[in-house]
Number of protein chains: 2
Amino acid sequence: MANKSLTRMTRQRMAILNVLRSTTSHPTADWVYAHVRGTLPKISLGTVYRNLNLLRDAGEIQELTYGSNFSRFDGNPTEHPHFHCTSCQRVYDLDFDAETELAQRAEKISGFKVERTRLEFEGVCADCLNSKKRE
Amino acid sequence: MANKSLTRMTRQRMAILNVLRSTTSHPTADWVYAHVRGTLPKISLGTVYRNLNLLRDAGEIQELTYGSNFSRFDGNPTEHPHFHCTSCQRVYDLDFDAETELAQRAEKISGFKVERTRLEFEGVCADCLNSKKRE
DNA sequence: TTAGATGCAAAGGGTTTGCAACGTC
DNA sequence: GACGTTGCAAACCCTTTGCATCTAA
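Residues numbered from 1 in each chain as written. Chains lettered and ligands numbered in written order. Predicted model: local features only at pLDDT ≥ 70, side-chain atom pairs only at ≥ 80, totals over all residues. Heavy atoms only, no water.

Attention now moves to the protein's contact with DNA strand D. The environment of DNA strand D is formed by 22 residues, the closest being Y49 of chain A together with R8, T10, T47 and S71 of chain B. Taken together, the sugar and phosphate atoms account for 67% of what DNA strand D places within 4 Å of the protein. Note that a phosphate oxygen of DNA strand D is positioned 3.1 Å from one of the side-chain N or O atoms of N53 of chain A. Contributing elements (two or more residues each) for the surface near DNA strand D: α3 (45-57) of chain A together with α1 (11-21) and α3 (45-57) of chain B. When residues of the surface near DNA strand D are assigned to their parent elements, the largest contribution, five residues, is made by α3 of chain A. (Near = heavy atom within 4 Å. Polar contact = N/O pair within 3.5 Å; in protein donor to acceptor, adjacent residues only side chain to side chain. Helix = DSSP H or I, 4+ residues; strand = E, 2+ residues; numbered from the N terminus.)

For the rest of this paragraph, the subject is a negative patch on the surface. Together, E79, D97 and E101 of chain A together with E79, D97 and E101 of chain B line one region of the surface with negative charge. You can see D97 of chain A is positioned in the loop between β4 (91-93) and α4 (99-110). Residue classification places D97 of chain A among the exposed positions, given a relative accessible area of 53%. (Patch = residues over 30% accessible without salt bridge, like charges linked within 9 Å, V, L, I, M, F, W, Y side chains within 5 Å. Areas by Shrake-Rupley, 256 points an atom, 1.4 Å probe, with all protein chains shown as cover. Salt bridge = Lys/Arg side-chain N within 4 Å of Asp/Glu carboxyl O. Lys, Arg positive; Asp, Glu negative; His and termini not counted. Charge placed at Lys NZ, Arg CZ, Asp CG, Glu CD. Buried < 20%, exposed > 50% of the residue type's maximum accessible area, 1.4 Å probe, protein only.)

With that settled, the discussion passes to the interface of chain B and chain A. If you look at the interface, chain B gives 64 residues, while chain A gives 64 residues. Considering only the surface of chain B that becomes buried against chain A, H26, Q62 and F73 of chain B emerge as the three largest contributors, covering 15% of it. Linking chain B with chain A are three salt bridges, by the criterion used here. When the shortest N-O distance is used, the salt bridge between E122 of chain A and R118 of chain B registers 3.1 Å. Applying the counting criterion to the chain B and chain A interface returns 44 residue pairs in polar contact (both at pLDDT 80 or more). The set of elements that each furnish at least two residues to the side of chain B that touches chain A consists of α1, β1 (62-64), β2 (72-74), β3 (82-85), β4 (91-93), α4 (99-110), β5 (113-124) and α5 (126-134) of chain B. With twelve residues, the single largest contributor to the side of chain B that touches chain A is β5 of chain B. (Contact = heavy atoms within 4.5 Å. Buried area = accessible area lost by both parts, 1.4 Å probe.)

Listed below in structure tokens is the structure:
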């Protein structure tokens, strides 16, 4: 899981990790910033962002985005799984239906009302797998 | 699926929809803008954004983002489903494991290498369901 | 000692919005 | 004719980055 290792453990990094470990609220960077300032009033937003990215790269935390912070659009409005290639950045449609069953399972477990199910895969597509072989 | 209806069908809206319907590349707003300019050179980026949002709200297309265009972070780096409440915006962890099986299924179908699986639900959480009842 | 981290502030980049003119129904 | 839509440009807002200073190992 850990892809890159963190060489130094600074007070700032520790504080950010502590804040994240002590909540299940899936906070934004700004929320983390606000809360870390409780113990480190002089920390900067830039430091928060840098550490969030480093911690994510190290596999210590996960970032909830769809690959990037900008949108992609799909002309097909029906639910279907997507595959996002981390090498060429293409997004593929996958042709299998799991959403209905997953939604039912989620509703049963949580008691919530599911209105939309999203299944996304990340990895390397066939094209990129092949070009890596040739290298 | 269609929540809001589109009252007027302008040339711009039609062109944007055509571009989206004629590709499976899951383009960005900017890509759509560039391609629509082939037929409507004077269209503005603002119009593209406005129409993408309207078409999404009408259920004609879907937007691939994680609810918003900014990140949320999870102190738990292991794969697990999330539930995003569209009413209170909270993000919940869901406690069931489907990712491993789904990843295998996706690999079998696509021939791609899956490195990460993401399962996200959108809907209304128990708290919000209850407060709606009381209204 | 020194490579990596921080604070600060400015820059970046995708997205939204105010407004007057325009076009669809 | 009325009201939604467009073009344009400025504003927004989250995130990144340059630089001098500091600090963990």
